[in-house]
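# Architecture and fold: a report
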Amino acid sequence: MVGDHPLSARDFIKRYKVRLIAGSLLAGTGFLFWNSLPKPLFNDPTCAVLYDGEEQLLGATIAGDEQWRFPPQTRIPARYLKVLLEFEDRRFFGHRGVDPLALGRAFVANLRKRRIVSGGSTLTMQVIRLARDNPPRTLVEKLKEMILAVRLELSRSKSEILSLYTAHAPFGGNIVGLDAAAWLYFGRRPERLSWAETAFLAVLPNNPGLIRSARGLESLRIKRNRLLSALLRRKIISNLEHTLALAEPIPRGRQVPPRWAPHLLETLIGLYPKRRQFSTTIEIDLQRMLARIGRSQGEKLYAQDIKNLAALIIDNRKAAVVGYLGNVEVEPGRDTGQANDLIRSPRSTGSILKPFLYAAMLQSGDLTPETLVPDTPVHYAGFSPENFDRKFRGALPAREALAQSLNVSAVSMLRQFGVGRFCASLKKWGMTTLVRPPDDYGLTLILGGAEGTLFDITCLYAKLAQLARSGRRDTPEVAFLKDAPPRSTGMADLGTGAAFLTLEALVEVARPGDESFWRSFSSSKWIAWKTGTSYGRRDAWAVGVTPGYTVGVWAGNADGEGKPDLSGLATAAPVLFDIFNQLETGGSFQRPLLSLKVIEVCRHSGCLPTDNCPRTKVWVPFESRFSTICTCCQLVHLDRSGRFQVDSRCEPVDRMVHRPWFILPPIQEFYYAQYHPEYHKLPPYRPDCPGYLDAVASRRVMSLIYPERGTEIYVPIDLDGRLGQVVFQAVHREPDATVYWHLDDRFIAATRHFHRIALQPEPGFHRLILVDKEGRRIERSFRVLDRG
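An account of the accompanying structure is given in this report. Because the structure is a prediction, the values reported are computed rather than measured. (Residues numbered from 1 in each chain as written. Predicted model: local features only at pLDDT ≥ 70, side-chain atom pairs only at ≥ 80, totals over all residues. Heavy atoms only, no water.)

### A closer look at the overall build of the chain
Helix and strand content of the chain: 23 helices and 26 strands. Every one of the 788 residues in the chain was classed for burial, and the buried ones make up 52%. Contacts spanning at least 24 positions in sequence make up 66% of the contacts within the chain whose residues lie at least 6 apart. Approximately 38200 Å² of the chain is accessible, and the part contributed by carbon and sulfur atoms is 53%. (Helix = DSSP H or I, 4+ residues; strand = E, 2+ residues; numbered from the N terminus. Buried < 20%, exposed > 50% of the residue type's maximum accessible area, 1.4 Å probe, protein only. Contact = heavy atoms within 4.5 Å. Areas by Shrake-Rupley, 256 points an atom, 1.4 Å probe, with all protein chains shown as cover.)

Here it is in structure tokens:
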């Protein structure tokens, strides 16, 4: 403004032109300065690294640019920081990116030597140099580094700048960063390095190429020792530490990165593709033991043409995976599926799910451990389960059926409990592979009709152990990453009592080889365990539980090829017990008295007793509402000789002898009596007594094994193209009885002793009638399906 008149815009620009230009240049320079750093500062790919629970390296994959560059760490080991600052930048915490004293000292030194022997660079300037891919060492580049170093100091803390340096400094060859160098040169994490090792890594980035030759190694040794002496002079280390450090040798080359859990690392990379560092719950000593056993047992299996083996160890106290053997490689270079992580691969479950059906039925009150379950030939719409030994026991207590892994009994139990109900429970408890509707699995679900992973299956058993051990239903989900968020097991509907009784039954499973005498030795270990073998002998399973650990083993061929000698007992169980023999298993589970109760049951049937039953006591889950009443023990009326049954139509009541009698259905009795010589068959009716013609008596005397009620039959075609035959089978209490067979009111044949005939019925509905010589009869309707 001039006087009372304001300046025009034109006059203003003329008067303040120089100032405006200077201000614009200053603003532009400031803008360029502030945005001068590379964005991002570093964008190099990093290795994927796997650590155990104590941060010991389990494995690593090389970075995408073929460099061993571990993910950056925020921590700086205190020892390394002292040594690094002594060697590279004593006044690091006192300058703002550029150290004038260091530059002056470098200028004088270079002038004296008439060549460049020192650049005077601070650590901040070295970070800038690394971020710019080591441009040529010129004065212009040095000025750029100084400017950018000042800029970096304005936006990053000192600790962040140190972290950038330690993560990206070169350590010779394709090793980048302190973490990678510590592991590949010394096999330890940086915090555990000695003074000599730390000093070596401090001087190496100054000239990383020296590591390649003997002369270079000697030069590195001299530099290291000179640095150690400087540390002594500054009283950072003691005389003794200095002497010991000087005696340590220089590493002659890098070590091979460990591969203790390669399949776990690859699996984690697949699950978390954006993560590059995985801190797991694995315990390296157990992992090494597992790898050693896997190698030894894998070689034995390979000799049997069984090429793959996987094993998992879970610490039940921590709910954590502590050992992970995803596969074994016996013959390197040959593709035998060894790259597949078989812990996470769905495989046919065989019989391995039977304990969970038993536990569920105990919890729901559908049975007690002593309840008799049937074990006789059955047919379910084309499905005819068989036991592994192809024998039948007639009937036996549920706990024995589980311990002997009887398929027929398990199918009968599943039919009683319900496929959909059991399938829903398995899903809720953590089985992730049941993706089809329950009807698609049907009753085969309990015999391997579904697929499961070794991880899921072993976790299910570990949850049983956690329930039996802690008494708490909110136990945490099993994890293998230290930072995994806590989750409940999803087994809240299964009680501690049911879990304990299930494991108690599994202790009775017969062990393989020398382990079968385990009760004879005080040093033997309490192990509840179960095996499984899939159809076609493609998958062998063994899972064992102790208070301390749960171990799961799978063996077979990754391509699904079956082998005649493959089974859970012969193939997987020896590996299981080899592992348990190396573990401190923690004794046995204590009976959870608050989660159990005692009830009286029939000593014969395991059901609630009637007046005709001998009684015994049995433990059941506290929540159990078991209500099945015994129907096997009945009051039988005999004549005075005790040889014949009678009734009031042929014997006065006052002359009868009334005796409780354990009576099984004829089909169960036929097989049961073969294993129980103490079983007394029901006496026949006296010939003068009309009771033997009663319908009830007929059912007691004769029974059809096949066909069952409502059966639909498909008559097969033989290999020669001719129509095959269907075998019909019955049993009779009297060993010498003659049975007359009729089909659609037409006599077919008579059988004695062994009641079995082969027929070729036409498509359609039919009625089969069996009559014995006393006139007792049974009938059964069935349908033959059209072959077209």
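### Topic: the pattern of salt bridges
A side chain of one charge can pair with a side chain of the opposite charge when the charged atoms of the two come close. Counted according to the given criterion, the structure contains 40 salt bridges. K428 is the salt-bridge partner of D493, the closest N and O atoms lying 3.1 Å from each other. Residue D493 is found in the loop between α19 (454-470) and α20 (496-506), and its partner K428 is found in helix α17 (residues 419-429); the two are separated by 65 residues along the sequence. The class of D493 is partly exposed, set by a relative accessible area of 32%. (Salt bridge = Lys/Arg side-chain N within 4 Å of Asp/Glu carboxyl O.)

### Considering the state of the cysteines
Tallied over the full model, the rule gives one disulfide. Note that C650 is cross-linked by a disulfide to C689, the S-S spacing being 2.4 Å. Residues C650 and C689 are joined through a disulfide that is left-handed, its torsion about the S-S bond being -75 degrees. Linking C650 in the loop between β17 (633-638) and β18 (657-662) with C689 in the loop between α22 (666-675) and α23 (695-701), this pair joins segments that are 39 residues apart in sequence. Free of any disulfide, C607 has its nearest neighbouring cysteine sulfur in C630, separated by 5.9 Å. (Disulfide = S-S within 2.5 Å.)

### Considering the packing of aromatic side chains
A ring pair, where both rings are aromatic, is described by two values, the distance of the centres and the angle of the planes. Under the definition given, this model contains 17 aromatic pairs. Pairwise contacts between aromatic rings join Y185, F186 and F200 into one cluster. Here the guanidinium or amino end of R275 rests over the ring plane of Y272, the centre of that ring lying 5.7 Å away. A cation sits over an aromatic face here: R344 above F455, 4.7 Å from the ring centre. (Phe/Tyr/Trp six-rings, centres within 6.5 Å; stacked < 30°, edge-to-face > 60°. Lys NZ or Arg CZ within 6 Å of the ring centre and 35° of its normal.)

### Notes on the pairing of strand β2 (residues 57-61)
Residues in a regular strand point their side chains to alternate faces of the sheet. For β2, a buried count of five out of five residues is recorded, marking the element as mostly surrounded by other parts of the structure. Both strand β1 (residues 48-51) and β2 contribute to a ladder of four bridges, which runs antiparallel. Bridge pairing in β2 links V49 to A60. If you look at the hairpin formed by β1 and β2, you'll find five residues sitting between the two strands, and E55 has a positive phi there, around 65 degrees. (Pairing = 2+ DSSP bridges.)

### Here we look at the packing of helix α5 (residues 123-131) against helix α6 (residues 139-155)
Viewed as axis vectors pointing N to C, α5 and α6 meet at an angle of 110 degrees, and their least axial separation amounts to 8 Å. By the angle between their axes, α5 is roughly perpendicular relative to α6. Mapping the contact onto sequence places T124, M125, V127, I128 and R129 in α5 and K142, E145, M146, L148, A149, L152 and E153 in α6. Here the residues of the contact of α5 with α6 sort into seven nonpolar, one polar and four charged. (Axes fitted to C-alpha atoms, helices over the stretch in contact; angles between N-to-C directions. Parallel < 35°, antiparallel > 145°, perpendicular 65-115°, else oblique. Nonpolar A, V, L, I, M, F, W, Y, C, P; charged D, E, K, R; others polar.)

### Overview of the environment of D285
With respect to the helices, strands and loops of the structure, D285 is situated in helix α13 (residues 284-302). Once the C-alpha coordinates of D285 and V322 are considered, the two residues, 37 residues apart in sequence, prove to be 9.3 Å apart.

### Side note on the sheet that holds strand β23 (residues 746-752)
Taken together, five strands build an open sheet; the order of strands is β20-β26-β25-β22-β23 and the sheet is mixed. Either end of the sheet is taken by a strand with one partner, and the two such strands are β20 (712-713) and β23. In this structure, strand β22 (residues 738-743) lies alongside strand β25 (residues 764-772), joined through five bridges in antiparallel fashion. In the sheet register, Y740 faces β25, and the bridge partner there is V771.

### Considerations on the packing of helix α3 (residues 78-88) against helix α9 (residues 195-203)
Relative placement of two packed helices is described by the angle separating their axes and the distance separating the axes. Where α3 meets α9, the axes come as close as 9 Å, and the angle between the chain directions of the two elements is 45 degrees. One element, α3, and the other, α9, form an angle in the oblique class. Crossing of α3 over α9 shows right-handed handedness. Residue-level contacts link R79, Y80, K82, V83, L84, F87 and E88 of α3 to W195, T198, A199, L201, A202 and V203 of α9. (Left-handed = near helix turned anticlockwise from the far one by under 90°.)

### Re unusual backbone geometry
In the segment running from Y706 into P707, the intervening peptide bond is cis, with an omega of 10 degrees. Note that P707 resides in the loop between β19 (702-706) and β20. A positive phi angle, near 65 degrees, is found at E66, a position not held by glycine. Along the chain, E66 falls in the loop between β2 and β3 (68-69).

### Quick look at α19
Because each turn of an α-helix spans 3.6 residues, side chains separated by three or four positions end up pointing in the same direction. Across its 17 residues, α19 extends 24 Å between first and last C-alpha, which sits within 8% of the 24 Å expected from 1.5 Å per residue. Summarising burial for α19: 15 of the 17 residues are buried, a large majority. Directly beyond the C-terminal end of α19, a positive phi value near 75 degrees is found at G471. (Expected span 1.5 Å × (residues − 1).)

### Focus: the sheet that holds strand β24 (residues 755-759)
Pairing in this open sheet of three strands is antiparallel, and the strands run β19-β21-β24 from one edge to the other. Each edge of the open sheet carries a strand with a single partner, namely β19 and β24. Each strand of the sheet is rotated relative to its neighbour by a mean of 20 degrees, with strand direction disregarded. Direction of pairing for β19 relative to strand β21 (residues 726-732): antiparallel, over a ladder of four bridges. Opposite Y706, over in β21, you have Q729 as the bridge partner. Here α22 sits on the sheet and contacts β19 and β21; the angle it forms with β19, its principal contact strand, is near 85 degrees.

### Thoughts on the nonpolar core
Counting 126 residues, the largest nonpolar core has F356 and I579 as its most contacted members. With 11 residues, the top contributor of residues to this core is α19. Leaving out residues up to four positions away in the same chain, F356 has contacts with F422, L426, W429, L460, Y461, L464 and M491. (Core = buried A, V, L, I, M, F, W, Y, C linked by side-chain atoms within 4.5 Å.)

### Notes on the side chain of Q645
In this structure, Q645 sits in the loop between β17 and β18. In this structure Q645 comes out as buried when scored by relative accessible area, which is 6%. One polar contact links the side chain of Q645 to the main-chain carbonyl oxygen of P683, over a distance of 2.6 Å. (Polar contact = N/O pair within 3.5 Å; in protein donor to acceptor, adjacent residues only side chain to side chain.)

### Overview of helix α14 (residues 354-364)
Among the 11 residues of α14, 10 are classified as buried, and the element is accordingly described as predominantly covered. Positive phi shows up at G365, right after α14, with a value of about 85 degrees.

### Remarks on the environment of Q404
Relative to the helices and strands, Q404 resides in the loop between α15 (398-403) and α16 (407-417). Leave out the neighbours within four places in its chain, and Q404 touches R393 and L396.

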